[in-house]
Amino acid sequence: MESRFRIQDSGKQCHIYTWKCNSCNALTVHPTDAKKNPDCAEYIPGLCSRERDPVCGTNGITFANECMLCSHNWEYKKDLKIEKNGEC
């Protein structure tokens, strides 16, 4: 039997845990980071600050901040998510 559930961690970061019960009734847990949707509604296209608060996009590119990732999405009609906070 395998199940999935989410745990909210420190406000914005989510982790997905998968567990599987095997024949010896042991529980195996495999944590993986969930991709986070950027909060693009907070920003105005083309008006990002120069604040350095890097995020790693799901394309493997580091953006200076969340607003810059959103600007990239708007300009190139993409739907990148935040792989992780910080540089890639």
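In case you missed it, the structure is sitting above this.
From a predicted model like this one, the values you see are computed outputs, not experimental measurements.

Calculation notes
- Residues numbered from 1 in each chain as written.
- Predicted model: local features only at pLDDT ≥ 70, side-chain atom pairs only at ≥ 80, totals over all residues.
- Heavy atoms only, no water.
- Helix = DSSP H or I, 4+ residues; strand = E, 2+ residues; numbered from the N terminus.
- Buried < 20%, exposed > 50% of the residue type's maximum accessible area, 1.4 Å probe, protein only.
- Areas by Shrake-Rupley, 256 points an atom, 1.4 Å probe, with all protein chains shown as cover.
- Contact = heavy atoms within 4.5 Å.
- Polar contact = N/O pair within 3.5 Å; in protein donor to acceptor, adjacent residues only side chain to side chain.

Q: Help me understand the overall build of the protein, please; the structure alone is not making it clear to me.
A: Looking only at helices and strands, one finds one helix and six strands in the protein. Of the regular secondary structure in the protein, the N- to C-terminal order runs β-β-β-β-β-α-β. Looking at the protein residue by residue over its 88 residues, the buried ones come to 26%. For the protein, the accessible surface area stands at approximately 6400 Å², while carbon and sulfur atoms represent 52% of it.

Q: How should helix α1 (residues 66-76) be read in this particular structure?
A: Since the α-helix turns once every 3.6 residues, residues separated by three or four places project in the same direction. Taken as a whole, α1 has its buried residues at Glu66, Cys67, Leu69, Cys70, Ser71, His72 and Asn73. Considering only its buried residues, α1 is in contact with β4 (55-57), β5 (62-63) and β6 (82-85). Where α1 terminates, the next one or two residues include Lys77, which has phi positive at roughly 50 degrees.

Q: I would appreciate a short explanation of the environment of Arg50 in the present structure.
A: Among the secondary structure elements, Arg50 is positioned in the loop between β3 (27-33) and β4. Residues Arg50 and Ala64, 14 residues apart in the sequence, show an inter-C-alpha distance of 7.7 Å.

Q: It is not clear to me how unusual backbone geometry should be interpreted in this structure. Could you clarify?
A: Across residues other than glycine, the phi torsion is negative in most instances, and most of the peptide bonds are trans. The phi dihedral of Lys77 is positive, around 50 degrees, even though this residue is not glycine. Position of Lys77 among the secondary structure elements: in the loop between α1 and β6.

Q: Honestly, the side chain of Lys36 in this entry has me stumped. Any pointers?
A: Within the secondary structure layout, Lys36 lies in the loop between β3 and β4. A distance of 3.2 Å separates polar atoms of two side chains, one belonging to Lys36 and the other to Glu66.

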